[in-house]
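A structural walkthrough
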Amino acid sequence: MRIFNFSAGPAVLPEAVLEAARDELLDWHGCGMGIMEMSHRGKDFTGVIEAAEADLRALMGIPANYKVLFLQGGATLQFAQIPMNLLAGGSADYVVTGSWSKKAFKEAQRYGAVRLAGTTEAGKFTALPAAADLSFDPSAAYAHICTNETIHGVEMFDLPAVPAGVPIVADMSSHILSRPMDVSKYGLIYAGAQKNIGPAGLVIVIVREDLLGKAAPTTPSVLDYAVMAENGSMLNTPPTFGIYLAGLIFKHLLAQGGLAAVEQANIAKARLLYDAIDGSGGFYRNPVDVACRSRMNVPFTLADGALDAAFLAEAAERRLSGLKGHKSVGGMRASIYNAMSIDGVRALVELMQDFAARKA
Ligand code: PMP
């Protein structure tokens, strides 16, 4: 019997997709071998990666002047790969709204000039910066943001007012595919797969074509977006199983009605959980400004931290796992990605209410 897995990532995947992958593991579509065992250059796998790209394009409405790349090294490698490819001797702006954008900012400093356009660190990353607290360089090569901070539970529903002509580069690792996004507003979108897309080991980059071809001369070929785009993400052997599984997820989301339908389900789940926190009379608390509370990652603390261990023990008894908060913020965190069912959120809310009734 499966548990309710609230892990921040690698995270729960849709059961129907896992079952489909299991059924095809040894023999994919009657060809007598599984996806993991076949050449990436053969027509079977080529068909898999092409379908995955086409389905992702359909899901997100990706315009024709954007390339979709299936890469490796996680979102962390993108922290370096982005400046290598886009700085072109110029300077880039970073908005720091949590641990992940802070890491991206720090890593980029190794590759050239980067500026801090604004940070909410003084407020412990519990709100987004006001427009007045951001200052952008109109000649920046790009402006980097993290649209969902996985650790702090802060999500951007509106983009910062970046000067016209400065491409926005967004780390969407922990909320890509959770709702419709207007891809045309971004120069580059990237996301590690292990939350809403599929297994760890795959990272997806969606990049506007005019940003290609500016990589620093020392950039390894395998890290040069232009080279990877020319080679259909297959300059080297790609993470074939991850791409296959991502493709199954994309089909699954399309069958659910696409991202507008997925968003409605995510809104309902998030509302249930935040209502339980806010309605607990202070027993549970989420510190994030209501306007930017994440629908995917919900950190919360118990008023009495001495009860944390008992809460987690009762959660485990009820087969709810992955609720321990990130060590940097403490408390709890419930990650409620696309594949977490509303039943899972209900089970968590029941535990929270029951626990509070006994311990308050
Ligand atoms: N960015 C965000 C928003 C993340 O949540 C994570 C991982 N949790 C990363 C970057 C780093 O991803 P990876 O471990 O795949 O390099």
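The structure displayed is predicted, hence computed values, not measured ones. (Residues numbered from 1 in each chain as written. Predicted model: local features only at pLDDT ≥ 70, side-chain atom pairs only at ≥ 80, totals over all residues. Heavy atoms only, no water.)

**A few points about the pattern of salt bridges**
Within this structure, the stated rule accounts for 17 salt bridges. Arg-115 is paired through a salt bridge with Asp-93; the nearest N and O atoms lie 2.8 Å apart. With Arg-115 in strand S4 (residues 113-119) and Asp-93 in strand S3 (residues 91-96), the pair connects residues that are 22 residues apart, well separated along the chain. Look at Arg-115 and you get partly exposed, because its relative accessible area is 29%. Here Asp-93 falls in the buried class, since its relative accessible area comes to 1%. Of the charged contacts, one joins Arg-179 and Glu-155 as a salt bridge, the two residues approaching to 3.0 Å between their closest N and O atoms. A residue pair is termed long-range when its members are at least 10 positions apart, and Arg-179 in the loop between strand S8 (168-171) and strand S9 (188-192) and Glu-155 in strand S7 (residues 154-155) qualify at 24 residues. For Arg-179, a relative accessible area of 8% corresponds to the buried category. Connected through shared salt-bridge partners, Glu-314, Arg-318, Asp-354 and Arg-358 make up one network. (Salt bridge = Lys/Arg side-chain N within 4 Å of Asp/Glu carboxyl O. Helix = DSSP H or I, 4+ residues; strand = E, 2+ residues; numbered from the N terminus. Buried < 20%, exposed > 50% of the residue type's maximum accessible area, 1.4 Å probe, protein only.)

**Examining the packing of helix H1 (residues 15-24) against helix H6 (residues 240-255)**
Their axes nearest at 10 Å, the elements H1 and H6 cross at an angle of 135°. Here H6 runs oblique to H1, going by the angle between their axes. When you trace H1 past H6, the crossing you get is right-handed. Contact residues: H1 offers Ala-16, Val-17, Ala-20, Ala-21 and Glu-24, while H6 offers Tyr-244, Leu-245, Leu-248, Ile-249 and His-252. Across the contact of H1 with H6, the residue classes break down as eight nonpolar, one polar and one charged. (Axes fitted to C-alpha atoms, helices over the stretch in contact; angles between N-to-C directions. Parallel < 35°, antiparallel > 145°, perpendicular 65-115°, else oblique. Left-handed = near helix turned anticlockwise from the far one by under 90°. Contact = heavy atoms within 4.5 Å. Nonpolar A, V, L, I, M, F, W, Y, C, P; charged D, E, K, R; others polar.)

**Quick word on helix H4 (residues 99-108)**
Taken as a whole, H4 has its buried residues at Ser-99, Ser-101, Ala-104, Phe-105 and Ala-108. Contacts made by the buried residues of H4 are with helix H3 (74-86), S3, S4, strand S5 (143-146), strand S6 (148-149) and S9.

**Quick look at the domain arrangement of the chain**
When its domains are assigned, the chain resolves into domain 1 (15-255) and domain 2 (257-359). At the interface, 24 residues of domain 1 touch 24 residues of domain 2. Here domain 1 meets domain 2 over a buried area of about 2,000 Å², counting both sides, of which 58% is carbon and sulfur. One can count zero salt bridges joining domain 1 with domain 2. For the interface between domain 1 and domain 2, the tally reads 14 residue pairs in polar contact (both at pLDDT 80 or more). Looking at the side of domain 1 that touches domain 2, the elements with two or more residues in it are helix H2 (43-60), S7 and H6. Top element by residues in the side of domain 1 that touches domain 2 is H6. It accounts for three residues. Taken together, the residues of the side of domain 1 that touches domain 2 sort by class into 12 nonpolar, nine polar and three charged. (Domains from an automatic or database assignment. Buried area = accessible area lost by both parts, 1.4 Å probe. Polar contact = N/O pair within 3.5 Å; in protein donor to acceptor, adjacent residues only side chain to side chain.)

**Considering the pairing of strand S2 (residues 66-71)**
Counting buried positions along S2 yields five of six residues, so the element is predominantly enclosed. Pairing of S2 with strand S10 (residues 203-208), which is carried by six bridges, proceeds in the antiparallel orientation. Looking at the pairing, Leu-69 lines up with Val-205 of S10. (Pairing = 2+ DSSP bridges.)

**Quick word on the nonpolar core**
Ranked by size, the top nonpolar core spans 53 residues in total, and within it Met-60, Leu-177, Ile-197 and Phe-250 carry the most contacts. Here the element with the most residues in this core is H6; it accounts for eight residues. In contact with Leu-177, not counting residues within four places along its chain, are Leu-56, Leu-59, Met-60, Asn-196, Ile-197, Phe-250, Leu-253, Leu-259, Val-262 and Asn-338. Core analysis: the next-biggest nonpolar cluster, separate from the first, contains 29 residues, Tyr-284, Val-298, Leu-320 and Ala-356 among them. (Core = buried A, V, L, I, M, F, W, Y, C linked by side-chain atoms within 4.5 Å.)

**Here we look at the sheet that holds S4**
Read from one edge of the open sheet, seven strands run S2-S10-S9-S8-S5-S3-S4, paired in mixed fashion. With one partner strand each, in any of the chains shown, S2 and S4 form the two edges of the open sheet. The average angle at which neighbouring strand axes cross in this sheet is 20°, direction not considered. Alignment of S9 against S10, held across five bridges, turns out to be antiparallel. Pairing of Ile-189 across the sheet is with Ile-206, part of S10. In the packing of H4 onto the sheet, contacts are made with S3, S4, S5, S8 and S9, and the angle to S3 comes to roughly 160°.

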